[in-house]
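Chains, contacts and geometry: an overview
This is what each chain is made of:
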Amino acid sequence: PLPSAHVPTIVGEGHCALAGVIAGPTTIWGDVREQARHVDLAGLASTIPEALSETLSGDDIAVDGLDGGYQAVHLQPSGDGIAVRGVLARNAGHLFAHGWAWLSGDFREGPHVPLGILPELTLRGPRPMGLLIDGEKEEGAAAMTFRRGTSCHRYLSCLGGVRWP
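One structure accompanies this document, and this report is about it. (Residues numbered from 1 in each chain as written. Predicted model: local features only at pLDDT ≥ 70, side-chain atom pairs only at ≥ 80, totals over all residues. Heavy atoms only, no water.)

A word on the overall build of the protein. In terms of helices and strands, the protein carries three helices and 12 strands. Taken over C-alpha atoms, the radius of gyration comes to 17 Å for the protein, in line with the 15 Å a tight globule of 165 residues would show. With respect to the three principal axes, the spread of C-alpha positions in the protein is 50 × 40 × 30 Å. Counting all 165 residues of the protein, 39% fall into the buried class. Looking at the protein alone, contacts between residues at least 24 apart form 65% of all its contacts between residues at least 6 apart. A total accessible area of about 9,100 Å² is found for the protein, and carbon and sulfur atoms account for 59% of it. Treating the 12 positive side-chain charges of the protein as one cloud and the 18 negative ones as another, the clouds have centres 7 Å apart. (Helix = DSSP H or I, 4+ residues; strand = E, 2+ residues; numbered from the N terminus. Rg over C-alpha atoms; globule rule 2.2 N^0.38 Å. Buried < 20%, exposed > 50% of the residue type's maximum accessible area, 1.4 Å probe, protein only. Contact = heavy atoms within 4.5 Å. Areas by Shrake-Rupley, 256 points an atom, 1.4 Å probe, with all protein chains shown as cover. Lys, Arg positive; Asp, Glu negative; His and termini not counted. Charge placed at Lys NZ, Arg CZ, Asp CG, Glu CD.)

The following block contains the structure:
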């Protein structure tokens, strides 16, 4: 039989993510992505300015116990916990750099601050926060706790020598 393994996940507040979680005002770009996917030009004309405004002036999201607030916090499952990044999106330079990172193939390389690998964390904002759970739009609470979990299903672990992060 082929080797298989349970993979790391992020679990919290009724959500389970295999690839990752993004929390904060920048999640509105998920709406822009969907309108672009469906070639909804009228929707794009109204949503892009709204996304720019929300990104540049939306409420910061903080990680309890760490300094700073961010326009988005990105969580990625890891073998040791949850890799946490504070996403910087405060000005046109940041937005340009994020666009370049996306066009270059890895949006995670946009401007960010590595915040560490944590087994559990609480995200906090002044009001309910937008979420992207594995890329799918959700609405979260003003405070949400996430922990590293493990998938209930086993996945092939021998493909091309790939190791789970």
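This part covers the sheet that holds strand E7 (residues 82–87). Across the sheet, six strands lie side by side as E8-E7-E6-E3-E10-E11; this open sheet has antiparallel pairing. The open sheet is flanked by strand E8 (112–118) and strand E11 (136–139), the only strands paired with a single partner. Averaged over all pairs of adjacent strands, the angle between strand axes in this sheet comes to 20°, irrespective of strand direction. Where strand E10 (residues 130–133) lies against E11, four bridges are found, and the strand directions are antiparallel. Bridging across to E11, Leu-132 finds its partner in Lys-137. (Pairing = 2+ DSSP bridges. Axes fitted to C-alpha atoms, helices over the stretch in contact; angles between N-to-C directions.)

The alternating pattern of E10 places Gly-130 and Leu-132 on one face and Leu-131 and Ile-133 on the opposite face, and all of these are buried. With three bridges connecting them, strand E3 (residues 21–23) and E10 associate as antiparallel partners. For Ala-23, the partnering residue across the bridge sits in E10 and is Leu-131. Adjacent in sequence and paired antiparallel, E10 and E11 are bridged by two residues, among which Asp-134 carries a positive phi angle near 50°.

For helix H3 (residues 92–103), with 12 residues, the first-to-last C-alpha span of 16 Å sits near the 16 Å given by 1.5 Å per residue. Taken together, the buried positions of H3 are occupied by His-94, His-98 and Ala-101. Down the axis of H3, the buried side of the element spans an arc of 60°, and every buried residue falls inside it. Pointing more than 90 degrees away from the buried face of H3 are the exposed residues Ala-92, Phe-96, Trp-100 and Leu-103. (Expected span 1.5 Å × (residues − 1). Arc of directions from axis to C-beta.)

Further remarks concern the pairing of E7. The element E7 is extensively covered by neighbouring structure, given that five of its six residues are classed as buried. Alignment of strand E6 (residues 72–77) against E7, held across six bridges, turns out to be antiparallel. Opposite Pro-77, over in E7, you have Ile-82 as the bridge partner. Hairpin geometry of E6 and E7 is characterised by an intervening segment of four residues between the two adjacent antiparallel strands. One ladder, built from six bridges, connects E7 with E8; its direction is antiparallel. Directly across from Ile-82, in E8, lies its bridge partner Leu-118.

Turning next to unusual backbone geometry. Backbone geometry at Glu-13 places phi at a positive 55°, although glycine is not the residue there. Its place among the elements puts Glu-13 in the loop between strand E1 (4–12) and strand E2 (15–17). Residue classification places Glu-13 among the partly exposed positions, given a relative accessible area of 46%. We note that Asp-134 has phi near 50°; this positive angle belongs to a residue other than glycine. Within the secondary structure layout, Asp-134 lies in the loop between E10 and E11. Judged by relative accessible area, which is 33%, Asp-134 ranks as partly exposed.

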